[in-house]
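The lines below spell out each chain.
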Amino acid sequence: MPFSIGEVARRFGVAVSVLRWWEKQGLLMPSGRESGRRRYDEADVRRIALIQLLQETALMSLEEIRTVLNGEDHSGGWRQVVQTRLDACEEQQLRLQAAQAYLSHALACQRDDLVDGCPYLSEEIDNYLESIGDRSGDQAQKAQHRPRRRSETLNKLSADRWKEGTKSS
């Protein structure tokens, strides 16, 4: 049984204009029309569900989602898009783990002066300053090196080290 655009919009909690925009962007093509009105079948509903999943959980752009949905793989298209998002998710996960480690340690640390009083944070600050070097040089060079250096710094973090550190600081 086909669904109207209004029924589908309500089901997914989006405005009708969103579905029209997705159609215009090549993400969605209603299965048919009745009296000039868009009709969506179960396959369309599943496609919309995937669009929302990729937006909400994988944080993909509409352009990335279009590539994935259209299966453009002649030059590594959709697989490359997915791999790029996966890499970004892994980087974000490392940052979140580092943030959790820093914040947990800061709360558990017995020192009130986290900048100079905590030996573990002091060491991490020193390591971070060393890893970023002097950023006063060429803008292009800064932009090129910042993500790699930041990633290396975050990769060195270990939640176990921070947990052990909270016991003795």
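Located above this text is the structure these notes cover.
Criteria and thresholds
- Residues numbered from 1 in each chain as written.
- Predicted model: local features only at pLDDT ≥ 70, side-chain atom pairs only at ≥ 80, totals over all residues.
- Heavy atoms only, no water.
- Helix = DSSP H or I, 4+ residues; strand = E, 2+ residues; numbered from the N terminus.
- Buried < 20%, exposed > 50% of the residue type's maximum accessible area, 1.4 Å probe, protein only.
- Contact = heavy atoms within 4.5 Å.
- Areas by Shrake-Rupley, 256 points an atom, 1.4 Å probe, with all protein chains shown as cover.
- Patch = residues over 30% accessible without salt bridge, like charges linked within 9 Å, V, L, I, M, F, W, Y side chains within 5 Å.
- Salt bridge = Lys/Arg side-chain N within 4 Å of Asp/Glu carboxyl O.
- Pairing = 2+ DSSP bridges.

## A short note on the overall build of the chain
Part 1 of the reasoning: Helix and strand counts for the chain stand at eight helices and three strands.
Part 2 of the reasoning: For the chain, the N- to C-terminal ordering of α and β elements is β-α-α-β-β-α-α-α-α-α-α.
Part 3 of the reasoning: In the chain, which comprises 169 residues, the share counted as buried stands at 29%.
Part 4 of the reasoning: Across the chain, every contact between residues at least 6 apart in sequence was considered, and the portion connecting residues at least 24 apart equals 47%.
Part 5 of the reasoning: Split by element, the accessible area of the chain, about 11300 Å² in all, is 50% carbon and sulfur.

## With respect to a nonpolar patch on the surface
Part 1 of the reasoning: On the surface, a nonpolar cluster with roughly 260 Å² of combined accessible area is contributed by V115, I125 and L129.
Part 2 of the reasoning: Counting through the fold element by element, L129 comes out in helix 6 (residues 119–132).
Part 3 of the reasoning: A residue is classified by how much of its surface remains accessible, and L129, at 49% relative accessible area, is partly exposed.

## Looking at the sheet that holds strand 1 (residues 3–4)
Part 1 of the reasoning: Here three strands make up an open sheet; going across it, the order is 1-3-2 and the pairing antiparallel. Single-partner strands in this sheet number two, and they are strand 1 and strand 2 (32–34).
Part 2 of the reasoning: Here strand 2 pairs with strand 3 (residues 37–40) via three bridges, running antiparallel. By the bridge assignment, E34 is partnered in strand 3 with R37.

## What about the pattern of salt bridges?
Part 1 of the reasoning: What the rule picks out here adds up to four salt bridges.
Part 2 of the reasoning: For E91, the salt bridge is made with R95, and the minimal N-O distance between the two is 3.3 Å. Placement of both E91 and R95 in helix 5 (residues 77–108) is noted, with a separation of four residues, approximately one turn of the helix.
Part 3 of the reasoning: When its relative accessible area of 36% is taken as the criterion, R95 is described as partly exposed.

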